[in-house]
Amino acid sequence: MVPRIYSRSEHGISRQSISPGCLKVLYGLIDAGFEAYIVGGGVRDLLLGLKPKDFDIATNATPDQIRSTFRNSRIIGRRFRIVHVHFGREIIEVSTFRAAHNVDNVAMVDDEVLSRADAKLDSVRATSGLILRDNVYGTIEEDVQRRDFTVNALYYTVKNFVVHDYVDGMADIDRRCLRMIGDPTERYREDPVRVLRAIRLAAKLDFSITRETAAPLATCAKLLESIPPARLFDEFLKLFLSGNSLQTYRLLRRHDVFQHLFPQTWIAMQSNTAYSDRLLEAAFTNTDARLSEGKTITPVFLLAVLLWPALLENLRGKGAGLASIADTQEAGQQVIDYQVQRLAIPKRFSFPVREIWELQQKFADRRGKRAELLASHKRFRAAFDFLLLREQCGEDLQGLGEWWSLYQQAQPEQRNAMVTALQQPSAIPHAKSRRRKVKSNRTQLTPT
Ligand code: ATP
Ligand code: MG
């Protein structure tokens, strides 16, 4: 196979835009007698005039050879062995050219999980098509065929500063489209995470997805169920915390992929579409804005929003329109327990998500010292933002958001007065006031 070669004047990539660590690895490998190329997002983003997030290098050196060329390196991964070369905080990922899977080099197994007996095999595939291990090395021509989209399969070398293009990737950069290399359905079967990569990259680059590449997305998305929840959680972070979450969400919905990541939310949305959609879109808009202002974000708030429709649906299922704190805690636990079977949300995130939900409930009950205690809760800020978001999206919370805004700005004496003002009903005869007290513990957790 003969690649098209693009010279420096044609591709316009300058060495200045490549990180010093990456250049060291490229020259180090070449000096040791190996071939070495920047490939993937690094080349793609440079061609598009974007700043690459990281640089990936492909080489004909094996992991052991890479390891002995760079003292500051480590071999990582089992399913897909690669080498990390460390330069301070920068990590350059170096992978050896992969060979095509064929009858001679691949072991087939029925299960989608490797057993101990398979531990020594270098290349394993499940009968479903899923690639379970991918450590048979090959040539650059074979490596090209193993990459996902044509625009991710452009190889740049510092030997003579040219780009090697085997798949017309350069033309797709100009057309701004994602085109799967090979048969799209087969490639999604080999690795269903490619379904998410198509959507993530289309959103990030503002690229279209070609018709053939987009067509199987909806059916292949179901295969995400065979992906370990820990890997899916990593993908979730990349999908929603990279600054393009709104567009990502819209594409996930458009291509019927969303329901495979958040099945409970999706079911809830069937009966509460407008409110849930507004809520999610508003949260994504805020997240993207925060990131573009350089502010930090955590997945906690987004997860609290993404699963909120599911929480409401769960409470509705319990017949708990007026939910108590105990109801909310139980529902929250159930929603999370179910969700972690799909996305392995670590406890350090799921715990605060549940706190944010519980605080929604507590915002209504401000008697005595409760308001003061609540305002000093470490999750208060996030929970308050969440409360405002709910109101903004059309929930009638009877002025709770405004009350809490004023409370936060008020001096201590004013705060006391605000709380006392709420307690006027205690002038009502005893029996009634007790009934009111019980009721005030309960909040309407259903959007209007
Ligand atoms: P990003 O901008 O997010 O880094 P990227 O395309 O560089 O995007 P990486 O995860 O860094 O994504 O992967 C680097 C390259 O490795 C890709 O461009 C692609 O060539 C290849 N690659 C990564 N994941 C897959 C996959 N699941 N299937 C096939 N090729 C893949
Ligand atoms: Mg990359």
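Here the residue numbering is sequential within each chain, running from 1 through the sequence in written order. All chains are assigned letters beginning at A, and all ligands numbers beginning at 1, according to the order in which they are written. Where totals are concerned, whole chains, interfaces and linings use all residues; where local detail is concerned, this predicted model gives features only for residues with pLDDT of at least 70, and gives and counts side-chain atom pairs only at 80 or more. With hydrogens and water set aside, each side-chain value is computed from the structure's full complement of heavy atoms.

Colleague: How would you summarise the pattern of salt bridges if you had to cite specific residues and measurements?
Modeller: Criterion for a salt bridge: a side-chain nitrogen of Lys or Arg within 4 Å of a carboxyl oxygen of Asp or Glu. Scanning the model with the defined rule gives 23 salt bridges in all. The partner of Asp172 in a salt bridge is Arg179, and the shortest N-O contact between them spans 2.9 Å. The class of Asp172 is buried, set by a relative accessible area of 1%. Judged by its relative accessible area of 29%, Arg179 is partly exposed. It is possible to trace a salt-bridge network through shared partners that takes in Arg125, Arg187, Glu190 and Arg194. The buried label applies to any residue whose accessible area, calculated with a 1.4 Å probe on protein chains only, is under 20% of its type's maximum; exposed applies above 50%, and partly exposed to all values in between.

Colleague: I'd love a proper account of the pairing of strand 11 (residues 162-165), names of residues and values included.
Modeller: Strands are runs of DSSP state E lasting at least 2 residues, helices are runs of H or I lasting at least 4, and numbering of each runs from the N terminus. Across the two faces of strand 11 the burial is the same, with Val162 and His164 and Val163 and Asp165 all buried. Here, a strand pair is defined by DSSP locating no fewer than two bridges between the strands. Pairing geometry for strand 1 (residues 4-6) and strand 11, over three bridges, is antiparallel. When the bridges of strand 11 are listed, Tyr6 appears paired with Val163. In this sheet, strand 11 lies alongside strand 10 (residues 154-157) in antiparallel orientation, the contact comprising four bridges. Within strand 11, the residue paired with Tyr156 across the bridge is Val163. The hairpin turn running from strand 10 into strand 11, its antiparallel successor, is four residues long, and Phe161 in that turn takes a positive phi close to 55°.

Colleague: Tell me about the environment of Ser405, and please be specific about residues and values.
Modeller: The topology assignment puts Ser405 in helix 21 (residues 400-409). Taking the C-alpha atoms as reference, Ser405 lies 22 Å from Ala289; in sequence the two are 116 residues apart.

Colleague: Any chance you could break down the nonpolar core for me, citing the residues and the numbers?
Modeller: Within the largest apolar cluster, 120 residues are counted, with the highest numbers of intra-cluster contacts made by Phe262, Phe363 and Trp404. Per-element accounting of this core gives the leading share, 13 residues, to helix 16 (residues 299-317). Residue ranges for the domains trace back to a domain assignment, done automatically or taken from a database. In this structure, this core is formed jointly by two domains, domain 1 (1-99 + 137-175) and domain 2 (263-444), each of which donates at least three residues. Not counting the four nearest positions on each side in its chain, Trp404 is found in contact with Phe363, Arg366, Ala371, Leu374, Ala375, Phe380, Phe384 and Leu387. Nonpolar core, defined: a set of buried Ala, Val, Leu, Ile, Met, Phe, Trp, Tyr and Cys residues in which side-chain atoms within 4.5 Å join the residues together. Among the nonpolar cores identified, the runner-up in size contains 11 residues, and Ala58, Val144, Ala153 and Ile181 belong to it. Contact definition: two residues touch when any of their heavy atoms are within 4.5 Å.

Colleague: Go over the site of ligand 1, please, and point to the residues and values.
Modeller: Near ligand 1 there are 16 residues, and of these Lys53, Asp191, Arg194, Arg200 and Lys204 occur at the shortest range. Asp191 places a polar side-chain atom, nitrogen or oxygen, 2.8 Å from a nitrogen atom of ligand 1. A 3.5 Å cut-off defines polar contacts: any pair of N or O atoms within that distance qualifies, except that in protein one atom must be a possible hydrogen donor and the other a possible acceptor, and neighbouring residues in sequence count only when both atoms are side-chain atoms. Arg197 is positioned with one of its side-chain polar atoms (N or O) 3.1 Å from an oxygen atom of ligand 1. Contact with the protein chains removes 85% of the 590 Å² of surface that ligand 1 exposes when unbound. At the level of elements, helix 3 (41-47) and helix 8 (193-205) are the ones that each hand at least two residues to the shell around ligand 1. Tallied by class, the residues present in the shell around ligand 1 amount to one nonpolar, three polar and 12 charged. Only heavy atoms are used to decide nearness, and a residue is near a molecule or strand if one of them lies within 4 Å of it. To be clear on the numbers: accessible area is Shrake-Rupley with a 1.4 Å probe, and residue cover counts the displayed protein chains and nothing else. Classes in brief: Ala, Val, Leu, Ile, Met, Phe, Trp, Tyr, Cys and Pro nonpolar; Asp, Glu, Lys and Arg charged; the others, Gly included, polar.

Colleague: Report on the domain arrangement of the protein chain, specifying residues and quantitative values.
Modeller: Structurally, the protein chain comprises domain 1 (1-99 + 137-175) and domain 2 (263-444). Using C-alpha coordinates to define each centre, domain 1 is positioned 47 Å away from domain 2.

Colleague: Tell me about the packing of aromatic side chains, and name the residues and values.
Modeller: Centre distance and the angle of the planes are the two values used to describe a pair of aromatic rings. Here the aromatic set is Phe, Tyr and Trp, taking the six-membered ring for Trp, and pairing holds for ring centres within 6.5 Å; pairs whose planes are under 30 degrees apart are stacked, those over 60 apart are edge-to-face, and all others are tilted. Tallying each qualifying case throughout the model produces 19 aromatic pairs. Between Tyr249 and Phe258, the ring centres sit 5.4 Å apart and the planes meet at 85°, which makes this aromatic pair edge-to-face. No difference in accessibility class separates Tyr249 from Phe258, as the two residues are buried. Their ring planes at 65° and their centres at 5.3 Å tell us that Phe363 and Trp404 sit as a pair that is edge-to-face. Residue Phe363 is located in the loop between helix 18 (347-362) and helix 19 (370-375), and its partner Trp404 is located in helix 21; the two are separated by 41 residues in the primary sequence. By the ring-pair criterion, three or more aromatic residues cluster together here, those being Phe233, Phe236, Phe240, Tyr249, Phe258, Phe262, Phe284 and Phe349.

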